[in-house]
Amino acid sequence: MELMNTFDPMRVEIESSWQEILKNEFSAPYFSQLVEFVRSEYAQHKGGVFPPGPQIFRAFEACPFEKVKVVILGQDPYPTKGHAHGLSFSVDPSVRPLPKSLHNIYTELNDDLHVQRANGDLSSWAEQGVLMLNAVLTVREGQPGSHANKGWERFTDAVIQQIATRKDHVVYILWGSYAQKKGAQINTQNNLVINTPHPSPLSAYRGFFGSKPFSQTNAYLKEHNIEPINW
């Protein structure tokens, strides 16, 4: 699916609360350049850039600013056709087998809270206030990192900065060194920051397994009289 014609630097289709909070980003010169790059990618590689155009800002649609309780930060979308749908680590419900990182997340979830999920779609998390944010919001098929350093990182840095500036008692789940570096600006006095190795098969056994991020998150939310997440 091609990128929406309405994806324009002056008229980005994004949930209204985020539209207001991020308006300075949308009017910045770097964002105009980013738009042109992304537009050209979707045009040149029809069906080969993910997620589908209308799902680029799905993380924001699913989790308006006022609902944000938790941020789970990923790197970029899955580069496999049919997997990415705009939420970090999440996949379309039909995807089998699950990506290995998501499989490991589910293993830890089961060990932590004895929760088993039916498929890889994490939309229910987003709808409860978990911002499932990738640092880079688009990718070319089969080429992880192909849309890095084009402007998305600056945009998502601004997202994190706005949350960190405007909200306290948010849980930031930062899996791996990339996410941890990106989250360095977060005030750890007024928020909970959970830093662990990435859930990928290369690093999950170095401290991701056994880290109990889900129970830690809910304990912190309850401590601050915030409704916990039904994982």
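Scroll up a little and you will see the structure.
Bear in mind the structure is a predicted one, so any value in this text is a computation, not a measurement. (Residues numbered from 1 in each chain as written. Predicted model: local features only at pLDDT ≥ 70, side-chain atom pairs only at ≥ 80, totals over all residues. Heavy atoms only, no water.)

(A) The overall build of the protein chain, seen in detail. A tally of regular secondary structure across the protein chain gives 9 helices and 6 strands. A compact globule built from 231 residues should have a C-alpha radius of gyration of about 17 Å, and the protein chain, at 17 Å, falls within 12% of that. For the protein chain, the C-alpha atoms occupy an extent of roughly 45 × 40 × 25 Å along the three principal directions. The buried share among the 231 residues of the protein chain stands at 54%. The contacts in the protein chain between residues at least 6 apart in sequence include a share of 68% that link residues at least 24 apart. Summed over its atoms, the accessible surface of the protein chain is roughly 10,600 Å², and 48% of this surface lies on carbon and sulfur atoms. Across the protein chain, the 21 positively charged side chains and the 23 negatively charged ones have centroids separated by 3 Å. (Helix = DSSP H or I, 4+ residues; strand = E, 2+ residues; numbered from the N terminus. Rg over C-alpha atoms; globule rule 2.2 N^0.38 Å. Buried < 20%, exposed > 50% of the residue type's maximum accessible area, 1.4 Å probe, protein only. Contact = heavy atoms within 4.5 Å. Areas by Shrake-Rupley, 256 points an atom, 1.4 Å probe, with all protein chains shown as cover. Lys, Arg positive; Asp, Glu negative; His and termini not counted. Charge placed at Lys NZ, Arg CZ, Asp CG, Glu CD.)

(B) Focus on helix H7 (residues 152-166). Taking 1.5 Å per residue as the helical rise, H7 with its 15 residues ought to reach 21 Å, and the 21 Å between its terminal C-alpha atoms agrees with that figure. Among all positions of H7, only Trp152, Glu153, Phe155, Thr156, Ala158, Val159, Ile160, Ile163 and Ala164 are buried. (Expected span 1.5 Å × (residues − 1).)

(C) Looking closely at the pattern of salt bridges. Within this structure, the stated rule accounts for 5 salt bridges. For Glu20, the salt bridge goes to Lys23, with nearest N and O atoms at 2.8 Å. The exposure class of Lys23 is partly exposed, given its relative accessible area of 45%. The partner of Asp157 in a salt bridge is Lys182, with the nearest N and O atoms 2.7 Å apart. Of this pair, Asp157 sits in helix H7 while Lys182 is found in helix H8 (residues 177-182), placing the two residues 25 residues apart along the sequence. Given the relative accessible area of 9%, Lys182 is considered buried. (Salt bridge = Lys/Arg side-chain N within 4 Å of Asp/Glu carboxyl O.)

(D) Structural context of the sheet that holds strand S5 (residues 171-175). Overall, parallel pairing links the 4 strands, which are arranged S3-S2-S5-S6 in an open sheet. Since the sheet does not close on itself, it has two edges, and those belong to strand S3 (130-134) and strand S6 (192-196), each with one partner. Mean inter-strand twist for the sheet, computed between neighbouring axes without regard to direction, equals 15 degrees. Taken together, the 5 bridges between S5 and S6 define a ladder with parallel strand orientation. Along S6, the bridge assignment pairs Ile173 with Ile194. Strand contacts of helix H9 (residues 213-223): strand S2 (70-74), S5 and S6, with the helix running at about 165 degrees to S5, the strand carrying the most contacts. (Pairing = 2+ DSSP bridges. Axes fitted to C-alpha atoms, helices over the stretch in contact; angles between N-to-C directions.)

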